[in-house]
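Topology and contacts: notes
Residue strings, one per chain:
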Amino acid sequence: MAALDDTDRAILAELRRDARASMTAIAESVHISRAGAHARIKRLTDTGVITGYTVRTDPVLLGHHASAYVTLAIEQATWQEVSARLRVIPEIEHMALVGGDFDVLLLVRANDARDLRRIVLEDIQAIPSIRSTRTILIFEDSDLV
């Protein structure tokens with residue numbers, strides 16, 4: 001795929017702000033024709049830059065009153081097994097394989113502190129390839145977009 005230009009980046013910023021924005025509104029905000037916006041969005045989708053559209057929600061209003069980042073140290077060469085086991089835990093909202101002092105970073109949303117404790121101690125730490133975890137409580141969070 002060709003490199004993204006400023007117009008492509010502006011379109012992506014508009015879509016991140018509001019994925020439901022009309023093609024006309026996007027075109028007007030980035031100062032191109034509606035047909036031009038449509039063609040660019042189709043190209044961005046066809047080339048895999050845009051992988052889908054989603055809804056952002058307020059975790060507290062959804063009943064998730066305890067959130068945490070959980071870091072994992074895992075045994076070498078077990079990422080595929082660990083990620084498959086983590087994917088079935090519904091309270092894990094995001095997971096990433098990272099480099100640094102730990103191997104995996106999870107965003108966990110739980111109903112309350114007791115539920116968070118259960119998820120970390122019973123669900124996550126029960127996976128045999130996980131050597132250690134560290135839980136970092138989130139007091140407040142917000143989307144930047």
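These numbers come from a predicted model, not from an experiment.

**Here's the deal with unusual backbone geometry**
Positive phi, normally seen in glycine, also occurs at His31, with a value near 65°. For His31, a relative accessible area of 71% corresponds to the exposed category. One non-glycine residue, Ala77, lies in positive phi territory at about 65°. Among the secondary structure elements, Ala77 is positioned in the loop between strand E1 (66-74) and helix H4 (79-87). Using a relative accessible area of 85% as the deciding quantity, one classes Ala77 as exposed.

**Description of the packing of helix H1 (residues 6-17) against helix H3 (residues 34-46)**
The interhelical angle for the contact between H1 and H3, taken along N-to-C directions, is 85°, at an axis separation of 11 Å. Considered as vectors, H1 and H3 are oriented roughly perpendicular to each other. Taken together, the residues of H3 that come into contact with H1 (itself represented by Thr7, Asp8, Ile11, Leu12 and Leu15) are Ala37, Arg40, Ile41, Arg43 and Leu44. Broken down by class, the residue content of the contact of H1 with H3 amounts to 6 nonpolar, 1 polar and 3 charged.

**A closer look at the environment of Glu140**
Relative to the elements of secondary structure, Glu140 occurs in the segment after strand E4 (130-138). Residue class for Glu140 comes out exposed when judged on its relative accessible area of 74%.

**Details of the layout of surface pockets**
Within this model, the largest pocket holds a volume of roughly 640 Å³. Lining the largest pocket are 26 residues, with Thr57, Pro59, Ser67, Arg109 and Asp141 positioned closest to its centre. Those elements that place two or more of their residues in the lining of the largest pocket are E1, strand E2 (92-97), strand E3 (104-110) and E4. Sorting elements by how many residues they give to the lining of the largest pocket places E1 first, with 3 residues. Partitioning the lining of the largest pocket into residue classes produces 13 nonpolar, 5 polar and 8 charged. Roughly 460 Å³ of volume is contained in the second largest pocket. Surrounding the second largest pocket, 16 residues form its lining, Leu15, Arg16, Ala19, Thr54 and Arg56 being those nearest its centre. Tallied by class, the residues present in the lining of the second largest pocket amount to 8 nonpolar, 3 polar and 5 charged.

Rules used in this analysis
- Residues numbered from 1 in each chain as written.
- Predicted model: local features only at pLDDT ≥ 70, side-chain atom pairs only at ≥ 80, totals over all residues.
- Heavy atoms only, no water.
- Buried < 20%, exposed > 50% of the residue type's maximum accessible area, 1.4 Å probe, protein only.
- Helix = DSSP H or I, 4+ residues; strand = E, 2+ residues; numbered from the N terminus.
- Axes fitted to C-alpha atoms, helices over the stretch in contact; angles between N-to-C directions.
- Parallel < 35°, antiparallel > 145°, perpendicular 65-115°, else oblique.
- Contact = heavy atoms within 4.5 Å.
- Nonpolar A, V, L, I, M, F, W, Y, C, P; charged D, E, K, R; others polar.
- 1 Å grid on protein atoms, 1.4 Å probe; cavity = no way out; pocket = protein on both sides within 12 Å on 5 of 7 lines; lining within 4 Å.
- Points joined across faces, edges and corners; volume = space filled by probe spheres on them.

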